[in-house]
Number of protein chains: 2
Amino acid sequence: MRRSAEAAQLTRDRIVATGVTKTSTDGLYALTIGSLADALGMSKAGVVGPFGSRAGLQFAVLTKAADMFIAAVVAPSMQVESGLPRLRVTIDLWCGYLDSSPFPNGCFVTAASCELDGRPGELRNLLLATVTRWRAFLREQIVIAQTAGDIATTLDADDLVTALTGIAMSANQEIQLLADATAPARARRLMLAAITR
Amino acid sequence: MRRSAEAAQLTRDRIVATGVTKTSTDGLYALTIGSLADALGMSKAGVVGPFGSRAGLQFAVLTKAADMFIAAVVAPSMQVESGLPRLRVTIDLWCGYLDSSPFPNGCFVTAASCELDGRPGELRNLLLATVTRWRAFLREQIVIAQTAGDIATTLDADDLVTALTGIAMSANQEIQLLADATAPARARRLMLAAITR
DNA sequence: TCCTTTAGCGTACGATCGTTCACTATCGAG
DNA sequence: CTCGATAGTGAACGATCGTACGCTAAAGGA
């Protein structure tokens, strides 16, 4: 049973990975079982089986995308000390993620936020938790840096979180829609300027 | 012929208005002829007829939404002189639009940007033109204000455009996804701070 | 080696998708 | 009043949607 269970897990991962790629360009609600089955060379039943339903598949895809964001931007920053050093590393990783993300069509979380913000349900709840944790992480590093005297306490932490996430969102639009190659560097410069003011 | 043509125009407007509302929550690609027909109490053929096809309907909806954004945020600002005065009025209108927009689910343009940025076609072209004109308008007012000595020339105009649009996008997420009622006021304060630095 | 479990396939279901077409009813022009 | 134009209806089409069910084949435990 173990060997086959491992194989099933690999299949599951393959389905989710392809689903994340398709969702990145078309959105979570355009993720259809049939097109995913075609892309994978599998039957529809084989694709949806491990997840029970299309909703389960969407949930797995969003979970995976959130994990990928954390793995790309947050996790590596944990190797440097908290506060300003970690914040600076995070900004570098963040802008690198915006420039050439693991998703073909820009920031998955931002796209999901626009797609899901008006559609109550488990998908929205999962996204809300992800965004809330991400913003809390940023805020925490800012406050630690302020306590250490590395960021001016005249700046409001919530204001900085809004400014930083905003710069990222605007840069994402400049990269994905406006095809502005200078956007990632500008975003990095603006983010660093925002916290060193 | 005139009377009936007017009636046809009213029907067209009614279809587009309902389509804009539905699209605001579900997205352009979830705008379905059947559901729109149900919402309007019309037949599917009657809904899609005036637009030739679903693609034509989507185009009309996006056009209308862009017009509504311009009418809400840009047009009224034309009554004050260009440069800093017009920019300040625009910021007020912009934050008011984010707070209680004519769309039920937040900034239509931002949502469309995320939905369309990876899908080449006429819809994307229309959106790209809209966003480009909007950013050019902001930049123009900034440059005029700088020429008049009302905004420091040490600030880069493109940087300011990125910062302002970013604040708006972040505030949009805070309002729509995070249900943060303080977001509009913070956005206004941050925008004004950005240009008076 | 046999037996149970299960990963994944193939098929079928009803519903809905976008589009087309014949038709009706209404309205303005003559 | 009559007639041509047209806004909108209703039915039908092939395709695709998500889901369910029976099946096959392979794999692990006995």
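Residues numbered from 1 in each chain as written. Chains lettered and ligands numbered in written order. Predicted model: local features only at pLDDT ≥ 70, side-chain atom pairs only at ≥ 80, totals over all residues. Heavy atoms only, no water.

Trainee: How do you make sense of the overall build of chain A when you look at a structure like this?
Mentor: Looking only at helices and strands, chain A features nine helices and zero strands. From first element to last, N terminus to C terminus, chain A shows the α and β order α-α-α-α-α-α-α-α-α. In terms of overall dimensions, chain A has C-alpha extents of about 60 × 40 × 30 Å along its principal axes. Long-range contacts, defined as pairs at least 24 residues apart, comprise 64% of the intrachain contacts of chain A with a sequence gap of at least 6. Of the roughly 8700 Å² of accessible surface on chain A, a fraction of 55% belongs to carbon and sulfur atoms. Treating the 19 positive side-chain charges of chain A as one cloud and the 18 negative ones as another, the clouds have centres 5 Å apart. (Helix = DSSP H or I, 4+ residues; strand = E, 2+ residues; numbered from the N terminus. Contact = heavy atoms within 4.5 Å. Areas by Shrake-Rupley, 256 points an atom, 1.4 Å probe, with all protein chains shown as cover. Lys, Arg positive; Asp, Glu negative; His and termini not counted. Charge placed at Lys NZ, Arg CZ, Asp CG, Glu CD.)

Trainee: Even after reading the chapter, I still don't get the side chain of A:Ser101, so can you show me in this structure?
Mentor: Note on placement: A:Ser101 falls in the loop between helix 5 (84–99) and helix 6 (108–116). From its side chain, A:Ser101 meets the backbone oxygen of A:Phe103 in a polar contact 2.6 Å long. (Polar contact = N/O pair within 3.5 Å; in protein donor to acceptor, adjacent residues only side chain to side chain.)

Trainee: Can you help me understand the interface of chain B and chain A in this one?
Mentor: Interface size is commonly expressed as the accessible surface area that is lost when the partners come together. Each side of the interface is counted separately: chain B has 34 residues, and chain A has 34 residues. Between chain B and chain A the total buried area reaches about 3100 Å² when both faces are included, carbon and sulfur atoms providing 54% of it. In terms of surface lost to chain A, no three residues of chain B exceed B:Thr162, B:Gln173 and B:Leu177, which account for 19% of the buried area on that side. Linking chain B with chain A are four salt bridges. (Buried area = accessible area lost by both parts, 1.4 Å probe. Salt bridge = Lys/Arg side-chain N within 4 Å of Asp/Glu carboxyl O.)

Trainee: Explanation requested: empty space enclosed by the protein in the structure shown.
Mentor: Rolled over the atoms, a probe with the dimensions of a water molecule shows which regions are left empty. Residues and elements named next belong to chain B. Here the structure, examined in full by the defined rule, presents four cavities of 30 Å³ or more. Taken as a whole, the largest cavity holds about 160 Å³ of empty space. Looking at the largest cavity, it is lined by 14 residues, and the ones nearest its centre are Trp94, Val109, Thr110, Trp134 and Met169. Of all elements in the fold, only helix 5 (84–99), helix 6 (108–116), helix 7 (122–147) and helix 8 (157–176) reach the threshold of two or more residues within the lining of the largest cavity. At four residues, helix 7 tops the list of elements feeding residues into the lining of the largest cavity. Per-class residue counts for the lining of the largest cavity are nine nonpolar, four polar and one charged. (1 Å grid on protein atoms, 1.4 Å probe; cavity = no way out; pocket = protein on both sides within 12 Å on 5 of 7 lines; lining within 4 Å. Points joined across faces, edges and corners; volume = space filled by probe spheres on them. Nonpolar A, V, L, I, M, F, W, Y, C, P; charged D, E, K, R; others polar.)

Trainee: Explain the relation of the copies chain B and chain A to me, please; I cannot follow it from the model alone.
Mentor: For the pair of chain copies, the relating operation is a rotation around an axis with a shift along it. Mapping chain B onto chain A calls for a screw motion: a turn of 180 degrees about the axis and a shift of 0.0 Å along it, with 0.0 Å RMSD after fitting. Here the copies are linked by what is in effect a two-fold axis. In terms of C-alpha distance to the rotation axis, chain B has B:Gly166 as its closest residue, with the C-alpha 1.8 Å off the axis. Of the residues that chain B buries at the interface, 100% are likewise interface residues in chain A, meaning the two copies contact each other through the same surface. (Least-squares fit on C-alpha atoms with pLDDT ≥ 70 in both.)

Trainee: What exactly am I supposed to notice about the packing of helix 7 (residues 122–147) of chain A against helix 8 of chain B here?
Mentor: What describes two packed helices is the angle between their axes and the distance between those same axes. Where helix 7 of chain A meets helix 8 of chain B, the axes come as close as 12 Å, and the angle between the chain directions of the two elements is 130 degrees. In terms of their interaxial angle, helix 7 of chain A and helix 8 of chain B are classed as oblique. Relative to helix 8 of chain B, helix 7 of chain A is oriented so that their crossing is left-handed. Here helix 7 of chain A contributes A:Arg124, A:Val131 and A:Arg135 to the contact with helix 8 of chain B, which in turn contributes B:Ser170, B:Gln173, B:Glu174 and B:Gln176. Taken together, the residues that form the contact of helix 7 of chain A with helix 8 of chain B break down as one nonpolar, three polar and three charged. (Axes fitted to C-alpha atoms, helices over the stretch in contact; angles between N-to-C directions. Parallel < 35°, antiparallel > 145°, perpendicular 65-115°, else oblique. Left-handed = near helix turned anticlockwise from the far one by under 90°.)

Trainee: Looking at this model, I keep getting lost on the pattern of salt bridges. Mind explaining?
Mentor: Here the idea is simple: oppositely charged side chains can pair when their charged atoms come close. Applying the stated criterion across every chain yields a total of 12 salt bridges over all chains. The partner of A:Arg186 in a salt bridge is A:Glu174, and the shortest N-O contact between them spans 3.1 Å. Residue A:Arg186 is located in helix 9 (residues 183–195), and its partner A:Glu174 is located in helix 8 (residues 157–176); the two are separated by 12 residues in the primary sequence. With a relative accessible area of 1%, A:Glu174 lands in the buried category. The salt bridge partner of B:Arg186 is B:Asp180, with a shortest N-O separation of 2.8 Å. Connected via shared salt-bridge partners are A:Arg135, B:Glu174, B:Asp180 and B:Arg186. (Buried < 20%, exposed > 50% of the residue type's maximum accessible area, 1.4 Å probe, protein only.)

Trainee: For this particular structure, what's the right way to read the packing of helix 6 of chain A against helix 6 of chain B?
Mentor: Orientation of helix 6 of chain A relative to helix 6 of chain B, taken along the N-to-C sense of each, is 125 degrees, at an axis distance of 9 Å. Comparing the axis directions of helix 6 of chain A and helix 6 of chain B gives the class oblique. Seen along the crossing, helix 6 of chain A lies across helix 6 of chain B with a hand that is left-handed. Within the contact between the two elements, helix 6 of chain A uses A:Thr110, A:Ala111 and A:Cys114 and helix 6 of chain B uses B:Thr110, B:Ala111 and B:Cys114. Residues that form the contact of helix 6 of chain A with helix 6 of chain B fall into these classes: four nonpolar, two polar and no charged.

Trainee: Help me understand the side chain of A:Asp159, please; the structure alone is not making it clear to me.
Mentor: Of note, A:Asp159 is situated in helix 8. Of the residues examined, A:Asp159 reaches a relative accessible area of 10% and is grouped as buried. With residues near it in sequence (within four places) discarded, A:Asp159 still touches B:Arg186, B:Arg189 and B:Leu190.

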